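A closer look at the structure
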Amino acid sequence: MESEDEMQDAWAGTSDDEFQNEEEEDEDSDALASDDEDDESDYGFGFNDFQLSTRRPQTIFTVLSEQDIRQRQDEAVATITNFLSISPADAGVLLRHFKWSVSKVNDEWFADEERVRANVGLLEKPATSKRKNVKEMTCQICFEVHPFEKMKEPRCGHYFCEICWTGYIHTAINDGPGCLTLRCADPSCGAAIGEDMVLGLVSKEDQQKYMRYLLRSYVEDNRKVKWCPAPGCEYAVEYQAGVGSYDLVCKCGFSFCWNCREEAHRPVDCETVNKWILKNCAESENMNWILANSKPCPKCKRPIEKNQGCMHITCTPPCKFEFCWLCLGAWTDHGERTGGFYACNRYETAKQEGVYDEAERRREMAKNSLERYTHYYERWATNESSRSKALADLQLMQSVKVDKLSDIQCQPVSQLKFVTDAWLQIVECRRVLKWTYAYGYYLPENEQTKRQFFEYSQGEAEAGLERLHQCAEKELQTFLEGDSPNSSFNDFRTKLAGLTSVTRTYFENLVRALESNLSDVDISKGAVKSSNSSKASGSSKARGGRPKSGSTRSGGSSRSGEEMAHWSCEHCTYVNTTATSSNVCIICGYPRS
Amino acid sequence: MSSSGYGQKEKVLSRIAANRLQKELTEWQVNPPCGFRHRVTDSLQRWIIEVHGAPNTLYEGEEFHLQVDFPEHYPMEAPQVVFMQIPPLHPHIYSNGHICLDILYDSWSPAMTVSSICISILSMLSSSTVKARPPDDDQYVRNCRNGRSPKETRWWFHDDKV
Ligand SMILES: [Zn+2]
Ligand SMILES: [Zn+2]
Ligand SMILES: [Zn+2]
Ligand SMILES: [Zn+2]
Ligand SMILES: [Zn+2]
Ligand SMILES: [Zn+2]
Ligand SMILES: [Zn+2]
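No experiment lies behind these values; they were computed from the predicted model shown.

Turning to the environment of Ser120 of chain B, a few remarks are in order. Residues and elements named next belong to chain B. Within the element layout of this structure, Ser120 appears in helix α2 (residues 114–126). Each C-alpha atom, one on Ser120 and one on Leu101, is 8.7 Å from the other, the two residues being 19 residues apart in sequence. Sequence-distant contacts of Ser120, that is, excluding residues within four places in its chain, are made with Leu101 and Ile103.

What follows is the structure, encoded as structure tokens:
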């Protein structure tokens, strides 16, 4: 394969011609069918591959308070007033017209001042002088006669009495933000009504409304500034520079996507989020049962309430069956104890045996498509509720439990930062994991290599996070319950801090890999193919949830399959990958036996 | 369309509105717009106006009736103007009497008067080259069945050439 593009086409199955090369085709089917040696090795490709190729420049944002916004507005007005030698009110009219872009005002003004004046309604020569000796006038709105001092005009010569102007502006303000571009009351006149005239006439209440619209216009008309979507939050966020992810954290603590203003959704893109949200709305009636917080124990059938964040559920005595909330399988089938493969994230279509007639097949397909969606939706939704629970736990930790822990374990609070760090990480990872399910739902079924890699990585991420979540939730509890320092607290610290750091790295890399749409997966696959190696393999011994094929790394000769395997630490049970640590446990530092 | 109105929350005219309307009415009596006649009623807040199709136009010899309802804050807010009974067949006038004319809605200005509205409407009629309902008449009228005021419609103004 010469190029990445070609590779992707081939794997997306868009062009059968790409498969003309028999050798390649064989390679592919071999990879899926063969029952080879050291099959674990194929899954060992750590995310190191992605770090160099997909690290993106940071996107930079500034969070703006109301005061910051007003200050920016004042600065813009001052600049324009200065450059164009016009009044601040006129500068305001221009800035609002050109969406608060100082440079645009400048450019347009100096390109064609006359045209700009006509468009925004700024008259060059006030038409005031011609009525100098008038003592009284009839207002053309109320038809009353008023002394001349009570008549006002916005420099266009259209005099109306103060009461009528006030009523006119009041009506406009109460009609909405259009009051910011209000024009003269004479229907044939386009003269702009600036903020000096507005604020000089209307009531305090109207002044406040007008100022509010003025503030909002800076954010709402400006493509580089948006309000934080959190309810009640008054901060706005300004985009400064950079490309890539649009996720950011507001000063109120809410994290959201600057682009679509949905909650933060790395690693999936805005379009996928949008599709997914629409899908969820469309299916919401079918899915209500999923959100129920109770399921029957798979062993004793009694209803079990999920009241913890992690997915490891233990039935109440005497049953005490330990199972996975998501797949209802025995917990012993999860995680390190079975060799590091966590596979309840995987969706497998029901076997379609003995489906004969077309109608039945259609029904089966419809059922499958709902089942498939249900699978992803449940995991998405459960991770979301797990995230909210973790967020609440984090707050509880910060407000009460850290102090308590500090008392019991005789540790200064400053030494307990690892606990809140762990919880912060859990919250973030639950969020990422949640969105990987939307990613998985939309990852085309025919992109097998990607799917396998994705499911494997997601499974690992989930397993790692479960370990972390469980450690922070359950193991921490034992140290909160005692009344004197526990000698193993330092071991616990090492373990939790280690899990936090490993999980953080794993998720960061997962996010990057998914954001690059797993493009490197195809490259490494390509390398396998062209090298004509037969290392890629699957295993028929593998249990159902396991990837049947994986790709090996590019230029794999220097790192054999053996090296890429997992090994479980005897001391702390953490499953290390040889890619990151081949001889010493990354968590506890215990040497590999 | 009956003359019972459109369920506009009839608030009494403000003092300013009543003063201005009184003056407009006086002015009308002295100097009525050509082709219109104000039908005397006891209400200042609702005017009924006869419209006579201008000579040498499609509407020559025809008579129509406009109903003009004034809001509390007239003239800051536009009056509601509709044709009663059988409205003229015109591409901007719906069979329920609603008129698609910008000055009655978005482009209203308090410096306009009933008289200036009448002149605009007559000019709209006089420039018509075809006697027909707007293409979306059925749908629009169906949507207004619950007595919606034309002021609640979001108008897309038909282009000026009829
Ligand atoms: Zn006046
Ligand atoms: Zn004017
Ligand atoms: Zn916020
Ligand atoms: Zn987005
Ligand atoms: Zn049980
Ligand atoms: Zn499971
Ligand atoms: Zn260890």
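With that out of the way, let us pick up the coordination of the zinc ion (ligand 2). Residues and elements named next belong to chain A. Within the protein, the zinc ion (ligand 2) binds to Cys156 (SG), His158 (ND1), Cys184 (SG) and Cys189 (SG); these donor distances fall in the range 1.9 to 2.3 Å. The site at the zinc ion (ligand 2) holds four donor atoms, and with the angles between them running 103 to 113 degrees, its shape is tetrahedral. Donor residues binding the zinc ion (ligand 2) come from one chain and are separated in sequence as C-x1-H-x25-C-x4-C.

This part covers helix α5 (residues 88–97) of chain A. Since the α-helix packs 3.6 residues into each turn, any two residues three or four apart lie on the same face. All names here are of chain A. Within α5, eight of the 10 residues are buried, which leaves the element mostly enclosed by the surrounding structure. Contact partners of the buried residues in α5: α4 (66–84), α6 (102–111), α7 (113–120), α9 (195–201) and α10 (204–220). A positive backbone phi angle near 50 degrees is found at Lys99, which sits one or two residues after α5.

Okay, the nonpolar core next. Within the largest apolar cluster, 51 residues are counted, with the highest numbers of intra-cluster contacts made by Trp276, Leu405, Trp423, Leu476, Phe492 and Leu496 of chain A. Sort the elements by how many residues they give to this core and helix α13 (residues 417–442) of chain A lands first, with 14 residues. Those residues in contact with Leu496 of chain A that lie beyond four places of it in its chain are Phe418, Val419, Ala422, Leu468, Cys471 and Ala472 of chain A. Membership of the second largest hydrophobic core comes to 38 residues, among which are Val68, Tyr94, Ile103 and Leu104 of chain B.

Residue and element names in this part refer to chain A. Residues of chain A with pLDDT of at least 70 account for 73%, and the chain-wide mean is 78. Within the model, pLDDT remains below 50 along residues 1–56, and this stretch shows 118 contacts once partners closer than five positions in the same chain are excluded. Below pLDDT 50 for its whole length, residues 523–563 participates in 106 contacts with residues either more than four positions away or in separate chains.

Residues and elements named next belong to chain A. On the protein side, the zinc ion (ligand 3) has Cys228 (SG), Cys233 (SG), Cys250 (SG) and Cys252 (SG) as donor atoms, found 2.2 to 2.3 Å from it. What the four donor atoms of the zinc ion (ligand 3) show is an angle range of 106 to 117 degrees at the metal, which sorts the shape as tetrahedral. Here the donor residues of the zinc ion (ligand 3) are spaced in sequence according to C-x4-C-x16-C-x1-C. Separated by 17 residues along the polypeptide, Cys233 in the loop between β6 (225–227) and β7 (236–241) and Cys250 in the loop between β8 (247–249) and β9 (255–257) bring together distant segments of the chain.

With that settled, consider the interface of chain B and chain A. Listed by partner, the interface residues are 13 residues for chain B and 14 residues for chain A. Together, the buried faces of chain B and chain A total about 1,000 Å²; carbon and sulfur atoms form 73% of this surface. Of all residues in chain B, the largest losses of buried area upon contact with chain A belong to Lys23, Met76 and Ala111 of chain B, amounting jointly to 47% of the total for that side. At the junction of chain B and chain A, the tally comes to one salt bridge. For the salt bridge of Lys23 of chain B with Glu144 of chain A, the shortest nitrogen-to-oxygen distance reads 3.1 Å. Taken together, the links from chain B to chain A amount to three residue pairs in polar contact (both at pLDDT 80 or more). Grouping the constituent residues of the side of chain B that touches chain A by class yields six nonpolar, three polar and four charged.

With that out of the way, let us pick up the packing of aromatic side chains. Counted according to the given criterion, the structure contains 34 aromatic pairs over all chains. Pairing Tyr373 of chain A with Tyr377 of chain A gives two aromatic rings, centres 5.6 Å apart and planes at 25 degrees, and the pair type is stacked. Here Tyr377 of chain A and Tyr373 of chain A lie together in helix α12 (residues 358–409), a separation of four residues that amounts to about one turn. Here the two residues Tyr373 of chain A and Tyr377 of chain A agree in accessibility, since each one is buried. Among the aromatic residues, those joined into a ring-pair cluster are Trp276, Tyr373, Tyr376, Tyr377, Trp380, Trp435, Tyr437, Tyr441 and Tyr442 of chain A. Just above the ring of Tyr373 of chain A sits the side chain of Lys279 of chain A; from NZ or CZ to the centre is 4.9 Å. The positively charged end of Arg20 of chain B is found above the aromatic ring belonging to Phe143 of chain A, 4.9 Å away from the centroid.

Residues and elements named next belong to chain B. Spatially, β1-β2-β3-β4 is the arrangement adopted by the four strands of the open sheet, whose pairing is antiparallel. Two strands in the sheet have a free side with no partner beyond their single neighbour: β1 (36–39) and β4 (80–84). On average, each strand axis in the sheet is inclined to that of its neighbour by 30 degrees, with strand direction left out of account. Relative to strand β3 (residues 63–69), strand β2 (residues 46–52) is paired through seven bridges, and the arrangement is antiparallel. When the bridges of β3 are listed, Ile49 appears paired with Leu66. Helix-sheet contacts for α2 involve β1, β2, β3 and β4, and the interaxial angle to β2 is about 35 degrees.

According to UniProt, the positions carrying the feature "active site" (unreviewed entry) are Cys100 of chain B. Along the polypeptide, Cys100 of chain B turns up in the loop between β4 and α2.

So, how was this worked out
- Residues numbered from 1 in each chain as written.
- Chains lettered and ligands numbered in written order.
- Predicted model: local features only at pLDDT ≥ 70, side-chain atom pairs only at ≥ 80, totals over all residues.
- Heavy atoms only, no water.
- Helix = DSSP H or I, 4+ residues; strand = E, 2+ residues; numbered from the N terminus.
- Contact = heavy atoms within 4.5 Å.
- Donors = N, O, S within 2.8 Å, 3.2 Å for Na, K, Ca; no water.
- Tetrahedral: all angles 85-135°; square planar, octahedral: opposite > 155°, others 65-115°.
- Buried < 20%, exposed > 50% of the residue type's maximum accessible area, 1.4 Å probe, protein only.
- Core = buried A, V, L, I, M, F, W, Y, C linked by side-chain atoms within 4.5 Å.
- pLDDT = per-residue confidence, 0-100.
- Buried area = accessible area lost by both parts, 1.4 Å probe.
- Salt bridge = Lys/Arg side-chain N within 4 Å of Asp/Glu carboxyl O.
- Polar contact = N/O pair within 3.5 Å; in protein donor to acceptor, adjacent residues only side chain to side chain.
- Nonpolar A, V, L, I, M, F, W, Y, C, P; charged D, E, K, R; others polar.
- Phe/Tyr/Trp six-rings, centres within 6.5 Å; stacked < 30°, edge-to-face > 60°.
- Lys NZ or Arg CZ within 6 Å of the ring centre and 35° of its normal.
- Pairing = 2+ DSSP bridges.
- Axes fitted to C-alpha atoms, helices over the stretch in contact; angles between N-to-C directions.
- UniProt positions renumbered as here; feature names shortened; annotations may be inferred.

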